[in-house]
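Next come the chains, spelled out residue by residue.
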Amino acid sequence: MTATPLRRALALDPGRLTLAGLGFPQAAPGVRDRLEEVVHSFVLGYNDGLARASGPLDLSGVAPEFRGFAYEGAGMSRCLLDVLSLSGGRRLQELREEQGASYIHLITVGAGWAYARLRLPVWKLTRPWHPLLGWLAWDGWGFHQAFFRPEAVFGRRWIERAARGPVRAIRDQGVGRALWFYGAAEPERVAKTIEGFAPERRADLWAGIGLAACYTGALPADGVDDLATLGASYRADLAQGAAFAAKAHHLSGIRPPGSAIAVERLTGTDLATAAAWTDRAFEQVACPPSSPAAYEAWRARIRHAWAEAHQAKETT
């Protein structure tokens, strides 16, 4: 397919967009390779979604356990094209319907990357297809900002004007996910960075860490245990993020061993059970789903599910 000038301008160079190229700290052997593969898969998905613009993606060059990241990238590029062409979200919708139903969370997060890149409020000029999951786009927004502007986000604790208010907590979960990469998946470095934030923001950051640790599956079991120890005051938040990751993997049908281990260590249960917590919590949300309050109620219900399971285990 011949690329248009717009698509050529928007394309990402996989040789330049790397953790090393961004100047992020060096991770431990093995961990670095996995994190770099995550970024590489994102770029491949982004460029394929951009080049094809519509129709199924060709992810034959992406290992199955990394395809979620490729769909996240495609969610970003398809959303960029939708907004810039004023299509109303047609390409993003097609991506979800054709191949992405199993990656709805990642595609939605990818759309948030697009809005952050365009400096537009989330869902401006397009509409989310899901009233509750659509709020995940603010998570993607936060990841994008922290990933590309780490000194502002982690150094100055900067919050964009558009993200101030009720969506800030969702945005900060995405910042926590980005911290996993910026902090080289090193528990002590991650914990020290979070300590520099205001107390009322730390829980959301730890939730993002739990999500990233479990979805990437980059750490061995002892490393995840260290993470849990350092985040002991925020165990429910770590578990909530882990449950989100569990649901995303469960929906795709792909359960990388490292992710399954991380979920078990941070939730105290298996991946399928943790994923089910998110479903039950979703059913229990009473407030209108078209509000950030509904998203926060969903997360709170997941934390409650973990607390109940943890207490039951402690008393047996």
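Along each chain, the written sequence defines residue order, and numbers are assigned to residues from 1. This being a predicted model, a pLDDT of at least 70 is required before a residue's local features are given, and a value of 80 or more before pairs of side-chain atoms are given or counted; all residues contribute to the totals for chains, interfaces and linings. Each side-chain value is worked out from all heavy atoms of the structure, with water and hydrogens disregarded.

So, the packing of aromatic side chains
Heads up, the rule is: Put simply, two rings from Phe, Tyr or Trp (the six-membered ring, in Trp's case) pair if the centres are within 6.5 Å, and we call them stacked under 30 degrees between planes, edge-to-face over 60, tilted for the rest. Accessibility here uses a 1.4 Å probe with only protein chains present; expressed as a share of the type maximum, an area under 20% marks a residue as buried, one over 50% as exposed, and anything in between as partly exposed. Helical segments are the DSSP runs of H or I of at least four residues, strand segments are the runs of E of at least two, and each set is numbered from the N terminus.
As enumerated under the stated definition, the model contains 23 aromatic pairs in all. With a centroid separation of 5.2 Å and an interplanar angle of 90°, the aromatic rings of F147 and F148 are classed as edge-to-face. For F147, a relative accessible area of 3% puts it in the buried group. For the ring pair F154 and Y182, a centre distance of 4.8 Å and an interplane angle of 15° mean the geometry is stacked. Linking F154 in helix α7 (residues 150-155) with Y182 in helix α8 (residues 168-182), this pair joins segments that are 28 residues apart in sequence. Taken together through their ring pairs, the aromatic side chains of F24, F42, W113, F143, F147, F148, F154, F181, Y182 and F197 make up a single cluster.

Some points on the nonpolar core
So the rule is basically this: Side-chain atoms within 4.5 Å are what join buried Ala, Val, Leu, Ile, Met, Phe, Trp, Tyr and Cys residues into a set we call a nonpolar core. Whether two residues touch is decided by their heavy atoms; if any such pair falls within 4.5 Å, the residues are in contact.
Counting 104 residues, the largest nonpolar core has F147, W180, F181, I209 and W298 as its most contacted members. Leave out the neighbours within four places in its chain, and W180 touches L35, A185, V190, I209, A212, A213, T216, A218, L219 and L227.

Thoughts on the pattern of salt bridges
For clarity, the cut-off: Throughout this description, the term salt bridge denotes a Lys or Arg side-chain nitrogen within 4 Å of a carboxyl oxygen of Asp or Glu.
Scanning all chains against the criterion turns up 19 salt bridges. Between E72 and R177 there is a salt bridge; the shortest N-O distance is 3.9 Å. Residue E72 is found in helix α3 (residues 67-85), and its partner R177 is found in helix α8; the two are separated by 105 residues along the sequence. Note that D139 is salt-bridged to R177, the shortest N-O span being 2.7 Å.

Examining a negative patch on the surface
The test is simple: Any residue with relative accessible area above 30% and no salt bridge may belong to a patch, with like charges joined within 9 Å and the nonpolar Val, Leu, Ile, Met, Phe, Trp and Tyr side chains within 5 Å. With residues, only the protein chains shown are counted as cover, and all accessible areas are computed by Shrake-Rupley using a 1.4 Å probe. Counted as positive: Lys and Arg. Counted as negative: Asp and Glu, with His and the chain ends omitted from the count. Note that the charge is assigned to NZ on lysines, CZ on arginines, CG on aspartates and CD on glutamates.
A cluster of like negative charges, contributed by E186, E188, D222 and D226, occupies part of the molecular surface. As for its position among the elements, D226 is in helix α11 (residues 221-230).

Some remarks on the side chain of D237
Considering the arrangement of structural elements, one finds D237 in helix α12 (residues 235-252). In contact with D237, other than residues within four places in its own chain, are A203, W206, A207 and R303.

Topic: the side chain of S259
Here is the rule we go by: Polar contacts, as counted here, are pairs of nitrogen or oxygen atoms within 3.5 Å of one another; within protein the pair requires one atom able to donate a hydrogen and one able to accept it, and residues that are adjacent in sequence qualify only if both atoms are side-chain atoms.
By the element assignment, S259 lies in helix α13 (residues 257-267). Classification of S259 by relative accessible area gives buried; the value is 0%. A distance of 2.7 Å separates the side chain of S259 from the backbone oxygen of C214, its partner in a polar contact. Residue contacts for S259: discarding those within four places in its chain leaves C214, Y215, T216, G217 and H249.

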